[in-house]
Amino acid sequence: MAKPKPSYKEIPPAAVAWKPATDYKTGDWRSKRPIRDTEKCTRCLICWIFCPDGAIKWDGKDITFNLDYCKGCGICAHECPVECIKMETEE
Ligand code: SF4
Ligand code: SF4
């Protein structure tokens, strides 16, 4: 008889980030950078929620991209509901 499969409680955790992404500067991985149209941006903060590297800062009034940590994944541009972020190729 086949051995029963372990439950999820018996499987060791995997792919867990033990440190925040901001412990590592990932900006030099980037081949594209996010450029935001500030007129079109509604400050909804969806990009801030989705950025996997904590590279989008909110100061209570506006957002900025911290290029030391932005790896250019484009998730912010993909998730922005008003499509005001474009990914531009680095020089
Ligand atoms: S998701 Fe788009 S509209 Fe919302 S804050 Fe970010 S850039 Fe602005
Ligand atoms: S491209 Fe956008 S989502 Fe990706 S790391 Fe940079 S700021 Fe964050």
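Preceding block: the structure.
The notes below deal with the structure included here.

How each quantity is defined
Residues numbered from 1 in each chain as written. Chains lettered and ligands numbered in written order. Predicted model: local features only at pLDDT ≥ 70, side-chain atom pairs only at ≥ 80, totals over all residues. Heavy atoms only, no water. Helix = DSSP H or I, 4+ residues; strand = E, 2+ residues; numbered from the N terminus. Buried < 20%, exposed > 50% of the residue type's maximum accessible area, 1.4 Å probe, protein only. Polar contact = N/O pair within 3.5 Å; in protein donor to acceptor, adjacent residues only side chain to side chain. Near = heavy atom within 4 Å. Nonpolar A, V, L, I, M, F, W, Y, C, P; charged D, E, K, R; others polar. Patch = residues over 30% accessible without salt bridge, like charges linked within 9 Å, V, L, I, M, F, W, Y side chains within 5 Å. Areas by Shrake-Rupley, 256 points an atom, 1.4 Å probe, with all protein chains shown as cover. Salt bridge = Lys/Arg side-chain N within 4 Å of Asp/Glu carboxyl O.

1. Describing unusual backbone geometry
Of note in this structure, Arg 43 is not a glycine but carries a positive phi near 60 degrees. When you line up the elements, Arg 43 lands in the loop between β1 (32-36) and α1 (46-50). In this model, Leu 45 sits at a positive phi of 70 degrees, which is unusual for a non-glycine residue.

2. As for the side chain of Asp 53
Among the secondary structure elements, Asp 53 is positioned in the loop between α1 and β2 (56-58). Looking at Asp 53, the relative accessible area reads 5%, which means it is buried. At 3.0 Å, the side chain of Asp 53 and the side chain of Lys 71 are in polar contact.

3. Details of the site of ligand 1
In the region of ligand 1, the neighbouring residues are Arg 36, Cys 41, Thr 42, Arg 43, Cys 44, Leu 45, Cys 47, Cys 80, Pro 81, Val 82, Cys 84 and Ile 85. Class assignment for the residues of the shell around ligand 1 results in 9 nonpolar, 1 polar and 2 charged.

4. Overview of a nonpolar patch on the surface
A contiguous nonpolar patch, built from Trp 48, Ile 49, Phe 50, Trp 58 and Ile 75 and spanning about 480 Å² of accessible area, is present on the exposed surface. Sorting elements by how many residues they give to the nonpolar patch places α1 first, with 3 residues. Inspection of the secondary structure assignment puts Phe 50 in helix α1.

5. Quick notes on the pattern of salt bridges
The final tally for this structure, using the stated rule, is 6 salt bridges. Between Arg 33 and Glu 90 there is a salt bridge, and its shortest N-O distance comes to 3.0 Å. You can see Arg 33 sitting in strand β1 and its partner Glu 90 sitting in the segment after β4 (85-89), a full 57 residues away along the chain. The exposure class of Glu 90 is partly exposed, given its relative accessible area of 21%. The shortest N-O distance in the salt bridge between Asp 62 and Arg 43 comes to 3.1 Å. Within this pair, whereas Asp 62 is found in the loop between β2 and β3 (63-65), its partner Arg 43 is found in the loop between β1 and α1, the two being separated by 19 residues in sequence. Here the salt bridges share partners, and the residues they tie into one network are Arg 30, Arg 33 and Glu 90.

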